[in-house]
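# Breakdown of the fold
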Amino acid sequence: MTMLPPHAVFHFPWELNCLGEGKSVRTFGRLSCYEADTSRATLSCQHASKEHHVFVRTSFVEPFNPIIGAQYLVLGETETYEGFGVMICARVLSCVDGVNIALLQKAIEGQRSFFREREHTDGGVAQPAEAI
Amino acid sequence: MQADAMEEPPSILWGLDPIFSAFARLYIQDILQMTESVQIPGIYFYNSHPIYKVDVLGTVVYKRERDNFFCYGVDDGTGVINCLCWKGELLKDKDDGTGTAPAPSDPGVFDPVVELKKLKQAQQKRCRLEIGELLRVRGSVKTFRQQREISASVFYKVDDPLMAVQIQWMMDVPELYRECYDKTFELQSDGHGESAGTPLIKATNLIKDFIKQKSVSRFRPYDVQDLLQPLIFNQLRAASAEPEAAGPSGCQQLRQLLKEVLQILQDEGVVYRRVKAQDEVYHVTEQDKDLLIAVKDIIREDSKREKYSEKGCHVLHILSAVRQRHSLNVSAAALELVLKSLECNSDIVSTSDKHYTAF
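Keep in mind that this is a model prediction, so the values were computed, not measured.

Hydrogen bonds between backbone atoms are what pair the strands of a sheet, whose relative direction is either parallel or antiparallel. Residue and element names in this part refer to chain B. Strand order in this open sheet of three strands is S12-S14-S13, and the pairing throughout is antiparallel. Because the sheet does not close on itself, it has two edges, and the strands there are strand S12 (313–314) and strand S13 (349–350). Pairing of S12 with strand S14 (residues 355–357), which is carried by two bridges, proceeds in the antiparallel orientation. Its bridge partner lying in S14, histidine 314 is registered against histidine 355.

Cis geometry is found at the peptide bond from glutamate 62 of chain A to proline 63 of chain A, where omega equals 0°. With a phi angle near 60°, methionine 163 of chain B is a residue other than glycine that sits in the positive phi range. Look at serine 215 of chain B: it is not a glycine, yet its phi comes out positive at around 50°. We classify serine 215 of chain B as partly exposed; its relative accessible area is 45%.

Across the contact, 35 residues belong to chain A and 33 residues belong to chain B. Summed over both sides, the interface between chain A and chain B buries roughly 2900 Å², with carbon and sulfur atoms accounting for 62% of that surface. For the pair chain A and chain B, the number of links is three salt bridges. Arginine 118 of chain A is the salt-bridge partner of aspartate 30 of chain B, the closest N and O atoms lying 2.9 Å from each other. Our count for the contact surface shared by chain A and chain B stands at eight residue pairs in polar contact (both at pLDDT 80 or more).

Our focus in this paragraph is the side chain of glutamine 225 of chain B. All names here are of chain B. Locating glutamine 225 in the fold gives a position in the loop between helix H6 (221–224) and helix H7 (229–240). Its relative accessible area of 18% is what places glutamine 225 among the buried residues. Among all residues touching glutamine 225, those that are not within four sequence positions of it are Leu254 and Leu258.

Moving on: the pattern of salt bridges. All names here are of chain B. Within the structure shown, the criterion is met by 24 salt bridges over all chains. One salt bridge connects arginine 128 with glutamate 65, and the closest N-O pair in it is separated by 3.0 Å. You can see arginine 128 sitting in the loop between helix H3 (112–127) and strand S7 (134–144) and its partner glutamate 65 sitting in strand S4 (residues 53–65), a full 63 residues away along the chain. According to the relative accessible area criterion, arginine 128 is partly exposed, its value standing at 29%. With a relative accessible area of 37%, glutamate 65 lands in the partly exposed category. Measuring nitrogen to oxygen at the nearest pair gives 4.0 Å for the salt bridge that ties aspartate 347 to lysine 296. Of the two residues, aspartate 347 is situated in the loop between helix H12 (332–344) and S13 and lysine 296 in helix H9 (residues 289–304); the sequence distance between them amounts to 51 residues.

If pLDDT is low for a region, its predicted coordinates should not be looked at in detail. Residues and elements named next belong to chain B. The share of residues in chain B with pLDDT of 70 or more is 87%, and the mean pLDDT across the chain is 85. Here residues 95–99 scores under 50 on pLDDT; set against residues more than four positions off or in separate chains, the count is six contacts. Scored below 50 in pLDDT, residues 190–196 shows six contacts in the model against residues more than four places distant or in partner chains.

The next thing to look at is the environment of isoleucine 131 of chain B. One can find isoleucine 131 of chain B in the loop between H3 and S7. Taking the C-alpha atoms as reference, isoleucine 131 of chain B lies 7.6 Å from threonine 59 of chain B; in sequence the two are 72 residues apart. Not counting the four nearest positions on each side in its chain, isoleucine 131 of chain B is found in contact with Arg91 and Val92 of chain A together with Val60, Val61, Tyr62 and Lys63 of chain B.

Attention now goes to the side chain of histidine 49 of chain B. Residue and element names in this part refer to chain B. Assignment of secondary structure puts histidine 49 in strand S3 (residues 49–51). A distance of 3.2 Å separates a polar atom in the side chain of histidine 49 from the backbone oxygen of tyrosine 181. A distance of 2.6 Å separates the side chain of histidine 49 from the backbone oxygen of lysine 183, its partner in a polar contact. Setting aside residues up to four positions removed in sequence, histidine 49 forms contacts with Asp17, Ile19, Tyr44, Cys180, Tyr181, Lys183, Thr184 and Phe185.

Leu26, Tyr72 and Phe155 of chain B are the most contacted members of the largest nonpolar core, which has 37 residues in total. Of all hydrophobic cores here, the second largest spans 22 residues; its members include Ile298, Ile299, Tyr308 and Leu319 of chain B.

What counts as what
- Residues numbered from 1 in each chain as written.
- Chains lettered and ligands numbered in written order.
- Predicted model: local features only at pLDDT ≥ 70, side-chain atom pairs only at ≥ 80, totals over all residues.
- Heavy atoms only, no water.
- Pairing = 2+ DSSP bridges.
- Helix = DSSP H or I, 4+ residues; strand = E, 2+ residues; numbered from the N terminus.
- Buried < 20%, exposed > 50% of the residue type's maximum accessible area, 1.4 Å probe, protein only.
- Contact = heavy atoms within 4.5 Å.
- Buried area = accessible area lost by both parts, 1.4 Å probe.
- Salt bridge = Lys/Arg side-chain N within 4 Å of Asp/Glu carboxyl O.
- Polar contact = N/O pair within 3.5 Å; in protein donor to acceptor, adjacent residues only side chain to side chain.
- pLDDT = per-residue confidence, 0-100.
- Core = buried A, V, L, I, M, F, W, Y, C linked by side-chain atoms within 4.5 Å.

Rendered as structure tokens:
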């Protein structure tokens, strides 16, 4: 019997703070800072004229080739620290520099609205994506 | 996973659903939750579509390698499923592929051995994935020790540095759901084989079959009225299930249906009324010997005239001649059927798509 990790739902970087502990997520952002000695990286992203930061613990995905300023996709579990906020403990961290962020956002929104639609129409097969 | 046997369509009809023979691009969440058929294990139902093979794209989040297969956990953002990817002969022989790079040969000389080695290496590289890489799997859904998994028939690593493939996939799948998977496919068993027809179409076919089988040459409406009785009866029975069934009576409905059917048959030219009199007599066009002879005579006689000797008679000329000689009520559609029938018997010959001649 294999133990599979929980599935990681796409979230926008500005939604992470209200998720809580231990959720599996995937999100994206520009690598703005990487501290190899503490295994910490920061992804940042602009949304609604505000700069959002995603803190990432990289100890599971090291060594990796940090390119400051490049777009990264991160998949992992959220951890909350008091007075600090949310940090993602990364299982996957991959460079996707050159990705069409606007299109990606559209695709994520499209998928969400599809799930919302389906939830409304029937309660049968479909369960909300959040159900783990 | 328990399923109500009553809700499943009978297995003999599964093949009629086009999704059955396709690799369905379902969300992994749905693959995990589909109910398994009680009739035939290994077949699953999503929204009453029978499904046994799927097409999945996702990130590898778990991997294990055995002698004969890889086991990849694939995450598409809605669920994680195990994919059993069997190693072909190619992946099993370890001497090749992982070995040294091909020996340098003269550039420009095509060396099949080196090329084959390169191809093998490329294929091996595509089959061996690390966590975080993107995997595309097509295969059949299996349940092994109470766990759903995909037994891959095709699997390969997808190079997607700009996420273009993933984004396209994310946009395509909801559309596929809306257009195909979430639409219910009506699988009805109907002895007549015309399951998806309105009563009008059914009734029209019924009368046509009757005419053909009995070689009817003419009839009056009340001769065929009884044939439609079962259709109206079925309708009434269905309607009586609803509380507000206060429509016209069965007899009125029957007469109305027959009227519509006869109109369709006339429009198609299958039947025509030679004389429009109080007594409604319908002649079956193809069975009307007089009409056939009349048309044949017209073409034979007029083809001899100088005017038509070269090209033959035009359809409109034949039509007006038939109307003068035989009956005013012969329609263009009816004439077309007559001409087709005569041509099949080699009584007449078409010289173009609108001209006919006879010898």
